[in-house]
Amino acid sequence: MAFTYKRVLSYFLRGLLFVTPVVVTLYIIYQTILFLDNLIPVPLPGIGILMVLALITFVGYLASLFFAKPIFDWFERGLIRIPLVNLIYTSIKDLMGAFVGDKKKFSSPVKVQLSDTIIRLGFVTQENMSVVGEPDMVAVYFPHSYNVSGNVFLVPKDKVTPLVGVKSSDVMKFMVSGGVSPLI
């Protein structure tokens, strides 16, 4: 009988390993869609999210027009002048720009020699640190595992080695998963 209980427990745990990530992923997607759909309250489900996506696309189109760009720049300068709003706005804008902007910041995966036996993976976010009086240093971002946070360290350039032939997204997934996801 103990053999049967162990087998059933093994099947349960194996099922849990499959079901949990699928359910959590679907739940997060569902909640995101629900949130976006409810931003514009309309009686038909799904229309709100389409309107939000259309509005975002339209704003992007307007921001790229020659005559509208000064208006967007003026609005942004106004936001930057407000003390607390400045901190929140510029932080979010820089973070979004790091992932989807013209100057993607997490596109240079590197390994950093921390000691004789410890190497850490990260991303170079600034090549030149002369502005803080460290011209021989680079800024490297080290994401935390299972978290949406990380640390930035200034490290000597000679301790940083680019990871050639490895996609940035694979390195990020590897680090955020705590090294569990394969580094392909």
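Placed above this text is the structure.
Here is what the cut-offs are and how they apply
Residues numbered from 1 in each chain as written. Predicted model: local features only at pLDDT ≥ 70, side-chain atom pairs only at ≥ 80, totals over all residues. Heavy atoms only, no water. Helix = DSSP H or I, 4+ residues; strand = E, 2+ residues; numbered from the N terminus. Buried < 20%, exposed > 50% of the residue type's maximum accessible area, 1.4 Å probe, protein only. Contact = heavy atoms within 4.5 Å. Salt bridge = Lys/Arg side-chain N within 4 Å of Asp/Glu carboxyl O. Expected span 1.5 Å × (residues − 1). Arc of directions from axis to C-beta. Pairing = 2+ DSSP bridges. Axes fitted to C-alpha atoms, helices over the stretch in contact; angles between N-to-C directions. Patch = residues over 30% accessible without salt bridge, like charges linked within 9 Å, V, L, I, M, F, W, Y side chains within 5 Å. Areas by Shrake-Rupley, 256 points an atom, 1.4 Å probe, with all protein chains shown as cover. Core = buried A, V, L, I, M, F, W, Y, C linked by side-chain atoms within 4.5 Å.

*Asks:* Account for the overall build of the chain, with residues named and values stated.
*Replies:* A count of helices and strands for the chain gives 5 helices and 5 strands. Traced from its N-terminal end to its C-terminal end, the chain shows the element sequence α-α-α-α-β-β-β-β-β-α. Across the 184 residues that make up the chain, the buried fraction comes to 20%. Contacts spanning at least 24 positions in sequence make up 30% of the contacts within the chain whose residues lie at least 6 apart.

*Asks:* I'd like a description of the pattern of salt bridges, backed by residues and values.
*Replies:* Evaluated as defined, the whole model comprises 1 salt bridge. With a closest N to O distance of 3.7 Å, Asp73 and Lys69 form a salt bridge. Highlighted residues: Asp73 and Lys69, both in helix α3 (residues 69-81), separated by 4 residues, approximately one helical turn. Note on Asp73: relative accessible area 27%, which makes it partly exposed.

*Asks:* Explain helix α2 (residues 47-64) to me, using residue names and the numbers behind them.
*Replies:* Between its first and last C-alpha atoms α2 spans 26 Å; for 18 residues at 1.5 Å apiece the expected length is 26 Å, and the two agree. Gly48, Ile49 and Val52 are the residues of α2 that are buried. Along the axis of α2, the buried residues cluster in a sector spanning 105°; they form a single face. Among the exposed residues of α2, those pointing more than 90 degrees away from its buried face are Leu50, Thr57 and Ser64.

*Asks:* Just give me the short version of the pairing of strand β2 (residues 119-126), but keep the residues and values in it.
*Replies:* Where strand β1 (residues 109-113) and β2 come together, 5 bridges link them in antiparallel fashion. Within the sheet, the bridge partner assigned to Val112 lies in β2 and is Arg120. Taking the residues that link successive antiparallel strands as the turn, the β1-β2 hairpin has 5 residues. Here β2 pairs with strand β3 (residues 137-143) via 3 bridges, running antiparallel. Note that in β3 the partner of Gln126 across the bridge is Ala139.

*Asks:* An account of the sheet that holds β3 is needed here, citing residue identities and associated values.
*Replies:* With antiparallel pairing, 5 strands are arranged side by side in an open sheet as β4-β3-β2-β1-β5. Single-partner strands in this sheet number two, and they are β4 (150-156) and β5 (160-162). On average, each strand axis in the sheet is inclined to that of its neighbour by 45°, with strand direction left out of account. Where β1 and β5 come together, 3 bridges link them in antiparallel fashion. From the neighbouring strand, Lys111 faces β5, where its bridge partner is Thr161.

*Asks:* Before we move on, could you go through a nonpolar patch on the surface and cite the residues and values that matter?
*Replies:* A cluster of nonpolar side chains, contributed by Leu84, Leu87, Ile88, Ile92, Met96 and Val100, occupies part of the molecular surface with about 630 Å² of accessible area. Mapped onto the elements of the fold, Leu84 is located in helix α4 (residues 83-100).

*Asks:* Please set out the nonpolar core residue by residue, giving values where relevant.
*Replies:* Counting residues in each nonpolar core, the largest one holds 8 residues, listed as Val110, Val112, Val124, Val138, Val140, Phe142, Val155 and Val160. Contributions of two or more residues to this core are made by β1 and β3. Here this core gets 3 residues from one element, more than from any other, and that element is β3. For Phe142, the contacting residues outside a window of four places in its chain are Val112, Arg120, Leu121, Gly122, Gly150, Asn151 and Phe153. Of all hydrophobic cores here, the second largest spans 6 residues; its members include Leu121, Leu163, Val171 and Met172.

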